[in-house]
Amino acid sequence: MKNRYAIVLAAGQGTRMKSKLYKVLHPILGQPMIRYVNDALKPTAIQSLVTIVGHGAEDVMAEIGDESEFVVQEEQLGTAHAVLQAKELLKDKQGTTIVVCGDTPLITSETFENLFEYHETAQAKATILTTKVDDPTGYGRVLRDESLNVTRIVEHKDATDDEKLVDEINTGTYCFDNEALFAALERVGNDNAQGEYYLPDVIEILKAEGEKVAAFITEDQSETIGINDRVALANAEKVMKRRLNEFHLRNGVTIVDPDATYIGPHVTIEQDVTIEPGTMITGDTTIGSGTHIGLNSEIDHCEIGKDNVIRQSVLKNSKIGNETSIGPFTHIRPETSVGDLARIGNFVELKKSEIGEDTSVSHLSYIGDATLGKDINVGCGTVTVNYDGINKHQTIIEDGAFVGCNTNLIAPITIGEGALVAAGSTISNDVEKDALAIARARESSKAGYASKLLGKI
Ligand code: UD1
Ligand code: CA
């Protein structure tokens, strides 16, 4: 195997997306499209990855981080000009350089690997990844001579009517002999319909020098969708969704309606999990076996154990133990952890809190910046009053405590082990272990007053 390098083109504005968000950062199943390209390149053993950035450079660099080196293309003069920006970093290297567009996120690792191997075995100076499509509109067409050897690529906007009939397209992915690539790039001109320096022109240049140019045709046209507008983005999302859902279905996950279930690329799901329609699971989420999720739940970056039931709920950056019941209609906000056998019920919001084993917060409560131990019952309508307008304060509820309904716990506050807080109390002082705290107006009842006041007598 030769040395391998990669260049990802991501400097374009993406005008056709009609968006403030830079094209390569548009998400597919919760993940910016450019990350799919990087993830798919990883298993191909490339030694250096260079990403060409321009529009939105800082945002793109922040997204990719130290996985890549970056070069800024100040002016977007075309794909050949973009690749040329990597010259200082790569020019002296010997080996194969793969060039991939940041807007073709569906190409798989296998296809990249097959392209590398085909190119290396053919000992070509350039190998284009091509495919035949039903509708080639907008793509560069691959032109071949009578012996079916590739001669050049013509862009849609430069193509004659006859050339437009060609259904084999340039996917925008190529393998090049690194040194031949940078030598040829110097000679690319911009005399074409768009006045741009086209990378595909390198093919014709190498060919004219008598170098070997090859094409590797991939069968699956859905892999090579180039995302130029939001119609293509929606199509890509559909393809990726089906691909990922099929992976989980084959692994023993029940997805009741795969068309209406959205699972991101870094989600890990154990077998015998059931996911009902309308559910979106994204980020680095893991879900343990036997857990049931849905309908209509949103789960992002969560670690969820086994045998839980999560219904109609929203969970973000949180951790759920085992055999716990969440929802319907629970909102679990970041940095929350819920233990085993807990019950978090309808219209409950948890934020930055820890809920111990076998504890119930069953209805209409807000628990924020709180630590709750084991075997606690939090009654309906309990509020941890955590914010004084300037700072957030902590609430601690110790094991076995019972908090009655409609209670305000004014933080910072500790409710001791086994303590009882009477319903309707507003508590602002710590409650000792095993104490009863009651803080509400004394009730009085005046016999016969009701009908008098209502004028019935
Ligand atoms: C390109 C190819 C076309 C191919 C298609 C596949 C060229 C001239 N055409 O067309 O043959 O069929 O991809 O999807 O290469 N970019 C830069 N700097 C620039 C210009 C573009 O970084 O100066 C980046 C863009 O951000 C994008 C990629 O290069 O990620 C491709 O550019 P785009 O304008 O989308 O090219 P297409 O018209 O799709
Ligand atoms: Ca494109």
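Residues numbered from 1 in each chain as written. Chains lettered and ligands numbered in written order. Predicted model: local features only at pLDDT ≥ 70, side-chain atom pairs only at ≥ 80, totals over all residues. Heavy atoms only, no water.

Q: What exactly am I supposed to notice about the coordination of the calcium ion (ligand 2) here?
A: Angles at a metal have ideal values that depend on geometry: 109.5 degrees with four tetrahedral donors, 90 or 180 degrees with six octahedral donors. For the calcium ion (ligand 2), every protein donor is listed as D103 (OD) and N228 (OD1), and the spread of their distances is 2.3 to 2.4 Å. Residue D103 is located in the loop between β6 (96–101) and α5 (109–122), and its partner N228 is located in the loop between β11 (213–217) and α9 (230–250); the two are separated by 125 residues in the primary sequence. (Donors = N, O, S within 2.8 Å, 3.2 Å for Na, K, Ca; no water. Helix = DSSP H or I, 4+ residues; strand = E, 2+ residues; numbered from the N terminus.)

Q: Teacher, can you tell me more about the pairing of strand β4 (residues 48–53) here?
A: Side-chain direction in a regular strand flips from residue to residue, so the side chains alternate between the two faces of the sheet. Taking burial as the measure, the 6 residues of β4 include 6 buried ones, the bulk of the element. Alignment of strand β1 (residues 4–10) against β4, held across 6 bridges, turns out to be parallel. Looking at the pairing, V8 lines up with T51 of β4. Sheet analysis places β4 next to strand β5 (residues 69–72), joined by 4 bridges and oriented parallel. Its bridge partner being in β5, I52 is matched across the sheet by V71. Running through helix α2 (residues 57–64), the crossover from β4 to the neighbouring parallel element β5 is right-handed. (Buried < 20%, exposed > 50% of the residue type's maximum accessible area, 1.4 Å probe, protein only. Pairing = 2+ DSSP bridges. Right-handed = clockwise from strand over helix to strand, strands pointing away.)

Q: Explain the environment of L185 here, please?
A: Structurally, the position occupied by L185 is in helix α7 (residues 178–185). Residue classification places L185 among the buried positions, given a relative accessible area of 3%. Counting along the chain gives 102 residues from L185 to V83, while the straight-line C-alpha distance between them is 8.1 Å. Discounting chain neighbours no more than four positions away, the residues touching L185 are A80, V83, L84, L199 and V202. (Contact = heavy atoms within 4.5 Å.)

Q: Help me understand unusual backbone geometry in this model?
A: Across the chain, the bulk of peptide bonds are trans and the bulk of non-glycine residues have phi less than zero. Look at the link from G294 to L295: it is a cis peptide, with omega at -15 degrees. Looking at where L295 falls in the secondary structure, it is placed in the loop between β18 (292–293) and β19 (298–300). Phi is positive for E335, close to 65 degrees, though the residue is something other than glycine. Judged by its relative accessible area of 56%, E335 is exposed. One non-glycine residue, F347, lies in the positive phi region at around 55 degrees. Considering the arrangement of structural elements, one finds F347 in the loop between β27 (343–346) and β28 (348–351). On the accessibility criterion, F347 (52% relative accessible area) is exposed.

Q: Which parts of the structure should I look at to understand the sheet that holds strand β38 (residues 413–415)?
A: The pairing of strands in a sheet comes from backbone hydrogen bonds and takes either a parallel or an antiparallel form. Taken together, the 9 strands give an open sheet; going across it, the order is β14-β17-β20-β23-β26-β29-β32-β35-β38, and neighbouring strands pair in parallel fashion. Whereas interior strands pair on both sides, the edge strands pair on one side only; in this sheet they are β14 (268–269) and β38. As defined by bridge partners, strand β29 (residues 354–355) adjoins strand β32 (residues 370–372) across 2 bridges and the pair is classed as parallel. In the strand pairing of β32, I355 is matched with L372.

Q: Just checking my understanding: could you explain the site of ligand 1 for this structure?
A: Around ligand 1 lies a shell of 24 residues, among which G12, Q73, T79, E155 and N170 are the nearest. Within the backbone of G140, one N or O atom sits 2.8 Å away from an oxygen atom of ligand 1. At a separation of 2.6 Å, an oxygen atom of ligand 1 approaches a polar backbone atom of N170. About the coverage of ligand 1: the protein hides 92% of its 750 Å² of free accessible area. Only β1, α3 (79–84) and β10 (168–177) provide two or more residues apiece to the shell around ligand 1. Looking at the shell around ligand 1, its residues break down into 9 nonpolar, 11 polar and 4 charged. (Near = heavy atom within 4 Å. Polar contact = N/O pair within 3.5 Å; in protein donor to acceptor, adjacent residues only side chain to side chain. Areas by Shrake-Rupley, 256 points an atom, 1.4 Å probe, with all protein chains shown as cover. Nonpolar A, V, L, I, M, F, W, Y, C, P; charged D, E, K, R; others polar.)

Q: I'm lost on the sheet that holds strand β39 (residues 420–421) in this one. Help?
A: Reading across the sheet, the 11 strands line up as β12-β15-β18-β21-β24-β27-β30-β33-β36-β39-β41 and stay open at both edges, with parallel pairing between neighbours. Sheet topology places β12 (254–255) and β41 (436–437) at the edges, where each strand pairs with a single neighbour. Relative to β41, β39 runs parallel, the two being bridged by 2 bridges. Note that in β41 the partner of L420 across the bridge is L436.

Q: Help me understand the packing of α7 against helix α8 (residues 201–208) in this model?
A: Between two packed helices, what matters for the description is the angle formed by their axes and the separation of those axes. Viewed as axis vectors pointing N to C, α7 and α8 meet at an angle of 100 degrees, and their least axial separation amounts to 10 Å. Judged by the angle between their axes, α7 and α8 are roughly perpendicular. Contacts from A180, A184 and L185 of α7 reach α8 at V202, I205 and L206. Its residues assigned to classes, the contact of α7 with α8 comprises 6 nonpolar, no polar and no charged. (Axes fitted to C-alpha atoms, helices over the stretch in contact; angles between N-to-C directions. Parallel < 35°, antiparallel > 145°, perpendicular 65-115°, else oblique.)

Q: Any chance you could explain the packing of aromatic side chains here in plain terms?
A: Any pair of aromatic rings gets described here by the distance separating the centres and the angle formed by the planes. One pass over the full model with this rule turns up 3 aromatic pairs. Consider the rings of Y174 and F176, whose centres lie 5.4 Å apart with planes at 25 degrees: the pair is stacked. Comparing Y174 with F176 shows no difference in burial state: the two are buried. (Phe/Tyr/Trp six-rings, centres within 6.5 Å; stacked < 30°, edge-to-face > 60°.)

Q: Hey, could you run me through the pairing of β1 in this one?
A: With 7 of its 7 residues buried, β1 lies for the most part within the structure. Burial along β1 is two-sided: the residues R4, A6, V8 and A10 and Y5, I7 and L9 are all buried. Both β1 and β6 contribute to a ladder of 6 bridges, which runs parallel. Pairing of V8 across the sheet is with V100, part of β6.

Q: Teacher, can you tell me more about α7 here?
A: Residues that lie three or four places apart on an α-helix share one face, since the helix turns once every 3.6 residues. Within α7, 6 of the 8 residues are buried, leaving the element largely enclosed by the surrounding structure. Along its buried surface, α7 packs onto β1, α3, α4 (87–90), β6, β10 and α8.

Q: What is the right way to look at a negative patch on the surface in this model?
A: Together, E357, D375, E398, D399, E417 and D434 give the surface a local cluster of negative charge. Tracing the backbone through its elements, the reader meets E417 in the loop between β38 and β39. (Patch = residues over 30% accessible without salt bridge, like charges linked within 9 Å, V, L, I, M, F, W, Y side chains within 5 Å. Salt bridge = Lys/Arg side-chain N within 4 Å of Asp/Glu carboxyl O. Lys, Arg positive; Asp, Glu negative; His and termini not counted. Charge placed at Lys NZ, Arg CZ, Asp CG, Glu CD.)

Q: Help me understand α9, please; the structure alone is not making it clear to me.
A: In this model, α9 (21 residues) spans 30 Å end to end at C-alpha, consistent with the 30 Å of a helix rising 1.5 Å per residue. Where α9 is concerned, the buried positions are A232, L233, A236, E237, V239, M240, K241, L244, N245 and H248. You can read the cap of α9 off the contacts: a side-chain oxygen lies 3.2 Å from the backbone nitrogen of V231, and it is on D229. (Expected span 1.5 Å × (residues − 1).)

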